[in-house]
Amino acid sequence: MAFSGGDNLNGREREMGFSAGDNLEGVVQALREKDVVFSGDDNTKGFVLALLSCAFVGASFIIKKKGLRRAAATSGVRAGVGGYAYLLEPFWWVGMITMIVGEVANFVAYAFAPAVLVSPLGALSIIVSAVLAHFILNERLHDLGILGCVMCITGSVIIVVHAPQERSITSVHEVWSMATQPAFLVYVASVIVLVFVLIIHFAPHYGHTNVLVFTGICSLMGSLSVMSVKALGTSLKLTFEGKNQLIYPETWFFMLVVLTCIIIQMNYLNKALDTFNTAIVSPIYYVMFTTLTILASVIMFKDWDDQSGASIVSGICGLVVVLSGTILLHLTKDFDRSSSRVKMGSF
């Protein structure tokens, strides 16, 4: 198989010295000499790491909730009403470590496999947590709730499948210019305002009756943390490649943002888990977090600029499916509560 004179070579190929007359074997050999590796083993490693990440993250929800319950039983003050006794509960820390291991595995998975392979697998953590909650925490999930979970996962997969390829970044300064563009600054300001409103006004009044309050805070801060993690990850990757980015203050700023966002996320995720059914919190948190992260990425990295109309429409359709699944999950929660009241009233 050879390239004909009419074949177009992209800029990357021309920079590497390929000509239209090069045959396939010659191109592959040249790529290998320039340290461009093709390996099915890398995809396999990424796939396995992503699956392990789902197992760890899904299990962490259950382990942490067990710890929250034990802490509440010991201290008499639940995390949902401001208690922090769970910080002294070993079971909670096991759950936290499990979650960290899962997130690290997910981060490393992206180094081996493309995002279109790794990202959809993240939805499997919802199934893991729902199944474990059913058997370990005795938290019943109605048939409609199962359908809602399936819809959330399906919609999220559609969104990721039609997601654009990430652009190549060569310096943390390049990321900083993206983060300081007017459109993204407006998004950041909006997120900060919404988080403050949710924390100050809605959390005290509606936090214990509406699951969207606590998970909304987690998801909004999560979208900022992911953007910062990508920036920090890029800096570290470039540093390991010999282009030291640790000498720039932007790298350390992104690290500070990551730590701040994660602390807020974990605090309100604990409140959500302690207040609501795990099988409800996990899918809703995943859906909101994924949606807001996609929105933040589209604004900051302008992911849709090079996308076709069909891909964008497909992504929007996936979002509609996700939202429909979320509505089903809410209906399931209300149905279960109503059923419990009816049963109690019959005695």
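Structure: above.
Just so it is clear, the structure is predicted and the values come from calculations on it, not from any experiment.

**Describing the overall build of the protein**
Consideration 1: Assigned secondary structure in the protein consists of 13 helices and zero strands.
Consideration 2: Taken from the N to the C terminus, the helices and strands of the protein come in the order α-α-α-α-α-α-α-α-α-α-α-α-α.
Consideration 3: Across the 347 residues that make up the protein, the buried fraction comes to 43%.
Consideration 4: Entry remark: accessible area of the protein is about 18,300 Å², with carbon and sulfur atoms responsible for 68%.

**As for a nonpolar patch on the surface**
Consideration 1: Among the surface-exposed residues, Phe47, Val48, Leu51, Leu52, Phe56, Ile97, Val101, Leu124, Ile127, Val131, Phe135 and Ile136 lie close enough to one another that they form a single nonpolar patch of about 1,000 Å² accessible area.
Consideration 2: Only α3 (40–75), α4 (90–112) and α6 (124–136) provide two or more residues apiece to the nonpolar patch.
Consideration 3: Structurally, the position occupied by Phe47 is in helix α3.
Consideration 4: Judged by relative accessible area, which is 35%, Phe47 ranks as partly exposed.

**Thoughts on the packing of helix α9 (residues 182–206) against helix α10 (residues 211–240)**
Consideration 1: Following both chains from N to C, one finds α9 and α10 inclined at 155°, their axes separated by 9 Å at the closest point. One element, α9, and the other, α10, form an angle in the roughly antiparallel class. Viewed along their axes, α9 and α10 form a crossing whose handedness is left-handed. For the pair formed by α9 and α10, the contact residues are Phe184, Tyr187, Val188, Val191, Leu194, Val195, Leu198, Ile199, Phe202, Ala203 and Tyr206 on the first element and Val213, Phe214, Gly216, Ile217, Leu220, Met221, Ser223, Leu224 and Met227 on the second.
Consideration 2: Here the residues of the contact of α9 with α10 are counted per class, giving 18 nonpolar, two polar and no charged.

**Examining the nonpolar core**
Consideration 1: Phe184, Leu269 and Met300 are the most contacted members of the largest nonpolar core, which has 46 residues in total.
Consideration 2: Of all the secondary-structure elements, those providing two or more residues to this core are α3, α4, α8 (172–179), α9, α10, α11 (249–275) and α12 (278–301).
Consideration 3: The element best represented in this core is α10, accounting for ten residues.
Consideration 4: Core analysis: the next-biggest nonpolar cluster, separate from the first, contains nine residues, Ile126, Ala130, Tyr286 and Val287 among them.

**Details of the packing of aromatic side chains**
Consideration 1: Taken as a whole and assessed by the stated rule, the structure comprises eight aromatic pairs.
Consideration 2: When the ring centre of Tyr268 is taken as origin, the NZ or CZ atom of Lys271, which lies over that ring, is 5.9 Å away.

**Quick notes on the pattern of salt bridges**
Side-chain pairs of opposite charge can arise whenever the charged atoms involved come near each other.
Consideration 1: Summed over the entire model, instances satisfying the criterion amount to one salt bridge.
Consideration 2: Close ionic contact of Arg70 with Glu89 constitutes a salt bridge, the shortest N to O distance being 3.6 Å. Placement of Arg70 in helix α3 and of Glu89 in the loop between α3 and α4 is noted, with a sequence separation of 19 residues between them.

**Comments concerning the layout of surface pockets**
Consideration 1: By volume, the second largest pocket is sized at about 390 Å³.
Consideration 2: Among the elements of the structure, α8, α9, α10 and α11 are those that each provide at least two residues to the lining of the second largest pocket.
Consideration 3: Considering every element that reaches the lining of the second largest pocket, the biggest residue donor is α9, with seven residues.
Consideration 4: The residue inventory of the lining of the second largest pocket, partitioned by class, reads 18 nonpolar, three polar and no charged.

Rules used in this analysis
Residues numbered from 1 in each chain as written. Predicted model: local features only at pLDDT ≥ 70, side-chain atom pairs only at ≥ 80, totals over all residues. Heavy atoms only, no water. Helix = DSSP H or I, 4+ residues; strand = E, 2+ residues; numbered from the N terminus. Buried < 20%, exposed > 50% of the residue type's maximum accessible area, 1.4 Å probe, protein only. Areas by Shrake-Rupley, 256 points an atom, 1.4 Å probe, with all protein chains shown as cover. Patch = residues over 30% accessible without salt bridge, like charges linked within 9 Å, V, L, I, M, F, W, Y side chains within 5 Å. Salt bridge = Lys/Arg side-chain N within 4 Å of Asp/Glu carboxyl O. Axes fitted to C-alpha atoms, helices over the stretch in contact; angles between N-to-C directions. Parallel < 35°, antiparallel > 145°, perpendicular 65-115°, else oblique. Left-handed = near helix turned anticlockwise from the far one by under 90°. Contact = heavy atoms within 4.5 Å. Nonpolar A, V, L, I, M, F, W, Y, C, P; charged D, E, K, R; others polar. Core = buried A, V, L, I, M, F, W, Y, C linked by side-chain atoms within 4.5 Å. Phe/Tyr/Trp six-rings, centres within 6.5 Å; stacked < 30°, edge-to-face > 60°. Lys NZ or Arg CZ within 6 Å of the ring centre and 35° of its normal. 1 Å grid on protein atoms, 1.4 Å probe; cavity = no way out; pocket = protein on both sides within 12 Å on 5 of 7 lines; lining within 4 Å. Points joined across faces, edges and corners; volume = space filled by probe spheres on them.

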